[in-house]
Amino acid sequence: MLEAAQLIPAFDAPGYGGVTGWAAFAWYGARWFDGFDDRGHRLPVTLAVINHRIRPQPGITVTAERFLPREFSVLDGVPLTDPVTSIGYEVRHSDDLRTAVKWLAMAAYSDLVSIAEMKAYAAGLNGWTGIPQLRKAMSLASENSWSPTEVDAQLIWMLDLGLPSVLCNQPIFDLDGRHIGTPDLLDPTAGLIGEYDGALHFEGKQRRKDLDREADFRRVGLEYVTMVAADRRNPAAFMRRTLDARARAMARTGPRRWTIDPPAWWTPVTTVAQRRALSADQRARLLQGRAA
């Protein structure tokens, strides 16, 4: 990324520009922006330039879209577009909607952008490349997804199965206000929980913890379905398991013994705004359970 940035003219010159897209987020220190796509292919660094010609070369793309001077800044000597502009570019130019949603959700994970800020950004770009995709991505992305694999599972539920509402990492409580757990996915209409179990989840202590957690959810009447790595390549079996579990959940009768309404003592952290309002001590304490 630094090599690409060296091609940008001096920041205070008439033809200045900056690094944009995923690479800007990487320089901002955001997690999940490592420069590789889902297939392990290295992504090009995109340079946004104004009134200047830079010859394209391997690993570098150049855009001359109508960026405004106020959208650029310098961080540790590297000129960048601001977070909203950077992720807006990546989402708009993504090859498909699912990738676009993942970029946006992982940008929100970093708390560098919110969905509200993205909506304000999109409102001024009618007619620009990729704006319909950005708007669709905003309607699907959660501000509380903790990893790209969770987004994959969420989109299978929403796009492939058409589930009406999916909450990501929503804390669940019993009726006495005790925190039962915070699952990857929750279909609150049916009372269905979805979890993604990577390789770590099959090791001894973690596996025991996962089984106890599943039992806690089932004890209050929630149904449970798990997605594993192989389901990402071929989700058909996961989709069948989800539909079967949802049918069981919908068939349950009697009053619910769980709620997503938090007790008075609970500090919510499901939105970017809520997390931004935390002190440094609160962030360290309350966000430690997010994906490591």
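Residues numbered from 1 in each chain as written. Predicted model: local features only at pLDDT ≥ 70, side-chain atom pairs only at ≥ 80, totals over all residues. Heavy atoms only, no water.

Across its 13 residues, helix α4 (residues 97-109) extends 18 Å between first and last C-alpha, which sits within 8% of the 18 Å expected from 1.5 Å per residue. Burial runs high along α4: 10 of the 13 residues are buried. Between a side-chain oxygen at the N-terminus of α4 and the backbone nitrogen of Arg98 the separation is 3.2 Å; the capping residue is Asp96. Asp111 occupies a position one or two residues after α4 and carries a positive phi of about 65°. (Helix = DSSP H or I, 4+ residues; strand = E, 2+ residues; numbered from the N terminus. Expected span 1.5 Å × (residues − 1). Buried < 20%, exposed > 50% of the residue type's maximum accessible area, 1.4 Å probe, protein only. Polar contact = N/O pair within 3.5 Å; in protein donor to acceptor, adjacent residues only side chain to side chain.)

With that settled, the discussion passes to the packing of aromatic side chains. Taken as a whole and assessed by the stated rule, the structure comprises eight aromatic pairs. Measuring from centroid to centroid gives 6.2 Å for Phe25 and Tyr28, while their planes differ by 80°, and the two rings are edge-to-face. Pair noted here: Phe25 and Tyr28 are both in helix α2 (residues 22-28), with a separation of three residues, about one helical turn. Through successive ring pairs, a cluster of aromatic residues spans Phe25, Tyr28, Phe33 and Trp103. One residue, Arg31, lies across the ring of Trp32, its end atom 4.1 Å from the ring centre. Seen from the ring of Tyr109, Arg290 lies directly overhead, with NZ or CZ sitting 3.9 Å from the centre. (Phe/Tyr/Trp six-rings, centres within 6.5 Å; stacked < 30°, edge-to-face > 60°. Lys NZ or Arg CZ within 6 Å of the ring centre and 35° of its normal.)

This part covers the layout of surface pockets. Its volume calculated, the second largest pocket comes out at about 680 Å³. Taken together, 24 residues form the lining of the second largest pocket, with Phe36, Asp37, Leu43, Thr99 and Trp103 sitting closest to its centre. Sort the elements by how many residues they give to the lining of the second largest pocket and α4 lands first, with four residues. Considering only residue class, the lining of the second largest pocket consists of nine nonpolar, six polar and nine charged. (1 Å grid on protein atoms, 1.4 Å probe; cavity = no way out; pocket = protein on both sides within 12 Å on 5 of 7 lines; lining within 4 Å. Points joined across faces, edges and corners; volume = space filled by probe spheres on them. Nonpolar A, V, L, I, M, F, W, Y, C, P; charged D, E, K, R; others polar.)

Next up on the list: the nonpolar core. Grouped together as the largest cluster of nonpolar side chains are 44 residues, with contacts concentrated most on Phe33, Leu47, Ile87 and Met118. Counting only elements with at least two residues in this core, the list comes to α2, β2 (45-49), β5 (78-81), α3 (83-92), α4, α5 (115-123), α6 (131-140) and α7 (148-160). The biggest single contributor to this core is α4, with eight residues. Among the nonpolar cores identified, the runner-up in size contains 16 residues, and Trp157, Cys168, Ala245 and Ala249 belong to it. (Core = buried A, V, L, I, M, F, W, Y, C linked by side-chain atoms within 4.5 Å.)

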